Amino acid sequence: MVVPTGALHAVPWAALPLCRGRGVTVAPSLRAWLRGGTDAARECGSAEPVWVSGPSLEHAEGEVVALHRVGGGRLLTGAVADAERVLAAVDGAPIAHIAAHGRFRDDQPLLSCLELADGPLYGYDLDRLRRGPRTVVLSACEAGRSVPARAGQLTGLAAALLGRGTATVIASVVPVPDERTARVMMSLHSLLRRGVGPAEALAAAQAAHGEAGFLCLGHGG
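Residues numbered from 1 in each chain as written. Predicted model: local features only at pLDDT ≥ 70, side-chain atom pairs only at ≥ 80, totals over all residues. Heavy atoms only, no water.

> Could you give an account of the sheet that holds strand E3 (residues 74-76), naming the residues involved and the relevant values?
In space, the 7 strands of this open sheet follow the order E1-E12-E11-E8-E4-E2-E3, with mixed pairing throughout. Either end of the sheet is taken by a strand with one partner, and the two such strands are strand E1 (25-26) and E3. Sheet topology places strand E11 (residues 168-172) next to strand E12 (residues 214-218); 5 bridges connect them, and they run antiparallel. Residue pairing across strands places Thr 168 opposite Gly 218, the latter belonging to E12. Helix-sheet contacts for helix H3 (residues 83-90) involve strand E2 (50-53), E3 and strand E4 (95-99), and the interaxial angle to E3 is about 160°. Contacts from helix H6 (residues 198-209) reach E1, E11 and E12, with the element oriented near 175° to E12. (Pairing = 2+ DSSP bridges. Helix = DSSP H or I, 4+ residues; strand = E, 2+ residues; numbered from the N terminus. Contact = heavy atoms within 4.5 Å. Axes fitted to C-alpha atoms, helices over the stretch in contact; angles between N-to-C directions.)

Below, the structure is given as structure tokens:
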């Protein structure tokens, strides 16, 4: 478990030789990690996982359709994957997986966004969630990045989700290739369904497909 400071929040830890293939959990603080363990064990208001794809990515819809076929739950693709429907669907869900274009803004982290059918879903939009999904997988470029704001508090998409009660966020801190990411995600969810903890599942999935940009943020199980 790593609690980084400053610029170290942008490090893709799986790319380091000593971390490759090992389960690494990155937490904003020790308190947040402990709280995440409690949140990971909570009952969810919805029994359904949610699978979402945004526009203009060649493999995004195929990725979430394949995951939905195996995992069941609610599928939002095409025109119905707009901000209002997505926020309503993921509120309190056990797991939410979003495959979309991601953009991070160092100057205004809460203007970092995921591109959905009707436009960007911004970091500040996540404050509308009553309860964050227990586990969130953001299959998107740079969606796991955060920067310290006043008093050292982190801001960004992943930080906003953790602040709304999400226990675990799996997201990338670097640009990631669409096709290879889809393969990583299939392996990741296969391991999660078998009861492997998020950090270990992510480590194995990335090692199997030559990826290193994703982090397990919050509580790694």
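> Describe the packing of aromatic side chains, listing the residues and the values that go with them.
Summed over the entire model, instances satisfying the criterion amount to 1 aromatic pair. Measuring from centroid to centroid gives 5.4 Å for Tyr 122 and Tyr 124, while their planes differ by 10°, and the two rings are stacked. (Phe/Tyr/Trp six-rings, centres within 6.5 Å; stacked < 30°, edge-to-face > 60°.)

> Kindly report on the pairing of strand E7 (residues 119-122), identifying the contributing residues and their values.
Taken together, the 4 bridges between strand E6 (residues 113-116) and E7 define a ladder with antiparallel strand orientation. When the bridges of E7 are listed, Cys 113 appears paired with Tyr 122. The hairpin formed by E6 and E7 contains 2 residues between the paired strands.

> Which residues make up the sheet that holds E6, and what values go with them?
With antiparallel pairing, the 3 strands of this open sheet are ordered in space as E5-E6-E7. Two strands in the sheet have a free side with no partner beyond their single neighbour: strand E5 (102-103) and E7. Both E5 and E6 contribute to a ladder of 2 bridges, which runs antiparallel. Bridging from a neighbouring strand, Arg 103 pairs with Cys 113 of E6.

> Now, about H3: what can you tell me, with residues and values included?
Because an α-helix completes one turn every 3.6 residues, residues spaced three or four positions apart along the sequence face the same direction. What H3 keeps buried is the set Ala 83, Val 86, Leu 87, Ala 89 and Val 90. Looking straight down H3, one finds its buried side chains confined to an arc of 165°; they lie on one side. (Buried < 20%, exposed > 50% of the residue type's maximum accessible area, 1.4 Å probe, protein only. Arc of directions from axis to C-beta.)

> Explain the state of the cysteines to me, and be specific about the residues and the numbers.
By definition, a disulfide is the covalent link that joins the sulfur atoms of two cysteine residues. A full pass over the atoms with the stated rule returns 0 disulfides. For Cys 19, which is in no disulfide, the shortest distance to another cysteine sulfur is to Cys 216 and amounts to 13 Å. Assessed through its relative accessible area of 16%, Cys 19 is described here as buried. (Disulfide = S-S within 2.5 Å.)

So, to be careful, I would describe these as geometric facts and stop short of saying anything about function.
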